[in-house]
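# Notes for the structure review
This is what each chain is made of:
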Amino acid sequence: PPRAPPPPAPRRRRPPRGTSAMANGDAAPAAELPAKLGAAFRPELAKYCRLEPLSLEELKSVKALLEAKGTLDVSRAKCKDKDGKPTGPFSASAANAKGDHSGSSMFGSWLRDNCIIAYGLFLTDPDGQGCEDAKACINSIATFLLTHESHRMELVINGHKNVTGTEPQTWMDRPHIRFIGETGLEDTKWYNHKQNDALGYFMWTRIQLALAGKLPLDGPHYKLLGQLFDFLRTIECWNDLDAGHWEEHSAQHASSMGPCLAATKAFKELIEQEGLTLPPCKPDTLDLLEKNLKEQLGLVLPNETIKPAEHHRDADSALIFLCYPLAVVPDSMGLQILERLQKVMGHIAMCRYRKDSYWCKDYKDKVGDDPTKHFTDEELKERDAMLQPGEEAQWCLFDPMVSAYYGKLYQSTGKAEYLNMQQLFLARALAAITGDDCEFGPWMCCEAYYLTKGVWKPNDNTPLVWTQIDLKMALHEMENSLSGVKKRPAGMKRPASAMS
């Protein structure tokens, strides 16, 4: 396809009726900033989308506005059984003005999404309904893994199945990282389940709830964690060529190693905290995982992938999650990651990575009726050929996490420059909330904006619950910064995962 023209140069003007200024690339003139700040899609949010840090009263005001409009309401995405009772997990995308996504794969329950959602609910509401929903979500995932996936791990651990390598026929033999949330059953449709980060996120979140005393470990959950650690050891997750955060190219992903390391270190802390003398895995598994994961992660970062060479990637937005909420890298590395991420920052939001063809220009016209279609490595090559540079989709789940991490940096150092950056990326996240011209409805947190017929519009997976919870965490950390809070709420511990 012909290459789309770049967004217009920054200028101040009123957008034409029915058109959002941000969709046309207008941005505040601030060349020295790491990312542009465009006009908000919602005029009601314009006063909050600025470079000057908000006051605490302004923050409370915008939070109240978002709550009133349902922007942060994730309850619409709760999976329910045939009687309408919530089952614990969340679908990836909640109901919107065009329907409930029940005919799309986005109605499935991903471990990765659900664990980040659960942690965000716990973090922002540790003594209320948010924590209860987090516990229900994690319990449902644990039940699914114990019922349907434990035997898969045992076959691998005991040498009866080899699931390493890049052959697609082995991908369904791994623990499934996506299931049917309404029933708790496996989805038997072929899928790429070689996603070590999803397992790491489950383990880490489960352990955080135990560390805080919100969901103490029982025997089955203790056994499950041991199986997961031994499985990761058996497949040598530090060298495993998995599909990564984006379920795509087979490579050694830093964003997959990070959650596994975070879980390992957190479990070691839990063992010490609870005085547990008999780990539920092989005696040296935890030490072996920690040693090898730290070593390999240190070699790869601040890159996302360096092997195989054909998939080398020096900047990937998935790495922000290693900074926040996992806190699995020291701040010196976190700052390097932030610098690299400037390469993927767009005028609305952030690319997953450059040369990312998922939801590229006119994606639905090129891919067909199922924009959530899953791809093998060979099919990915064909899809990647559709992309023209600069036409990558811009995803809305990263700016909130960049803001939250800058918040942690400000809270630990008191440096005003970090608070300014925290505000910039919170403003970008707020500015991306959908306007009245969004076909899926106003006041929603998108998965991504993509270029279609020459205009940047929200993609079909709107609202994305992952983006909703990320924004909720970003607002939480801004409140901590403005309130002078430098520690986590009572009853909570800082994630036990900082690399040392």
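Residues numbered from 1 in each chain as written. Predicted model: local features only at pLDDT ≥ 70, side-chain atom pairs only at ≥ 80, totals over all residues. Heavy atoms only, no water.

### Let's talk about the pairing of strand β8 (residues 455-458)
What you see with β8 is a clean split: Trp 456 and Pro 458 sit on the buried side and Val 455 and Lys 457 on the side with no burial. With four bridges connecting them, strand β7 (residues 448-452) and β8 associate as antiparallel partners. Across the sheet, Leu 451 pairs through a bridge with Trp 456, a residue of β8. Hairpin connection between β7 and β8: a loop of two residues separates the two successive antiparallel strands, and Lys 453 in this loop has a positive phi of roughly 55 degrees. (Buried < 20%, exposed > 50% of the residue type's maximum accessible area, 1.4 Å probe, protein only. Helix = DSSP H or I, 4+ residues; strand = E, 2+ residues; numbered from the N terminus. Pairing = 2+ DSSP bridges.)

### Examining the packing of helix α5 (residues 219-234) against helix α7 (residues 285-300)
Orientation of α5 relative to α7, taken along the N-to-C sense of each, is 50 degrees, at an axis distance of 10 Å. Between α5 and α7, the angle is such that the two are oblique. Every pair of crossing elements has a handedness; the one defined by α5 and α7 is left-handed. Residues Phe 229, Asp 230, Leu 232 and Arg 233 of α5 form the contact with α7, whose own contacting residues are Thr 285, Leu 286, Leu 288 and Leu 289. (Axes fitted to C-alpha atoms, helices over the stretch in contact; angles between N-to-C directions. Parallel < 35°, antiparallel > 145°, perpendicular 65-115°, else oblique. Left-handed = near helix turned anticlockwise from the far one by under 90°. Contact = heavy atoms within 4.5 Å.)

### Quick word on the sheet that holds strand β6 (residues 394-395)
Taken together, three strands build an open sheet; the order of strands is β6-β7-β8 and the sheet is antiparallel. The open sheet has two free edges, formed respectively by β6 and β8, since each of these has just one partner strand.

### Side note on the sheet that holds strand β3 (residues 109-110)
Across the sheet, three strands lie side by side as β3-β4-β5; this open sheet has antiparallel pairing. Here the strands that pair on one side only, and so sit at the sheet edges, are β3 and β5 (185-186). Inspection of the sheet shows strand β4 (residues 178-180) paired to β5 by two bridges, in the antiparallel sense. Bridged to Ile 180 within β5 is Leu 185.

### Some thoughts on the confidence of the model for the protein chain
Overall, the predicted model of the protein chain reaches an average pLDDT of 88, with 87% of residues at or above 70. For the stretch residues 487-492, pLDDT sits under 50, and the model shows 14 contacts to residues farther than four places along the chain or on other chains. (pLDDT = per-residue confidence, 0-100.)

### Brief notes about the packing of helix α2 (residues 111-124) against helix α14 (residues 465-483)
Any two packed helices are characterised by the angle at which their axes cross and by the distance between the axes. Axis separation between α2 and α14 bottoms out at 9 Å; the angle between their running directions is 30 degrees. The orientation of α2 with respect to α14, classified from their angle, is roughly parallel. Remark: the crossing between α2 and α14 carries left-handed chirality. Where α2 abuts α14, its residues Arg 112, Asp 113, Ile 116, Ile 117, Tyr 119, Gly 120, Leu 121, Leu 123 and Thr 124 lie against Val 465, Trp 466, Ile 469, Asp 470, Lys 472, Met 473, His 476 and Glu 477.

### So, the nonpolar core
With 146 residues, the main nonpolar core has Leu 66, Phe 202, Phe 229, Ile 320 and Leu 471 as its most contacted residues. Counting residues per element, this core draws most heavily on helix α3 (residues 129-157), which supplies eleven residues. Excluding anything up to four places from it in sequence, Leu 471 contacts Leu 66, Leu 72, Pro 400, Leu 426, Ala 429, Leu 430, Ile 433 and Cys 445. Within the second largest apolar cluster, nine residues are counted, among which are Phe 41, Ala 349, Cys 396 and Trp 456. (Core = buried A, V, L, I, M, F, W, Y, C linked by side-chain atoms within 4.5 Å.)

### Some thoughts on the pattern of salt bridges
Summed over the entire model, instances satisfying the criterion amount to 29 salt bridges. Among the ionic pairs, Glu 247 bridges to Arg 112, the shortest N-O distance being 3.6 Å. Of this pair, Glu 247 sits in the loop between α5 and α6 (254-274) while Arg 112 sits in helix α2, and the two are 135 residues apart along the sequence. Like Glu 247, the residue Arg 112 is buried in the burial classification. For Asp 316, the salt bridge goes to Arg 313, with nearest N and O atoms at 2.7 Å. When its relative accessible area of 11% is taken as the criterion, Arg 313 is described as buried. One salt-bridge network, in which partners are shared between bridges, spans Lys 265, Lys 268, Asp 287 and Glu 290. (Salt bridge = Lys/Arg side-chain N within 4 Å of Asp/Glu carboxyl O.)

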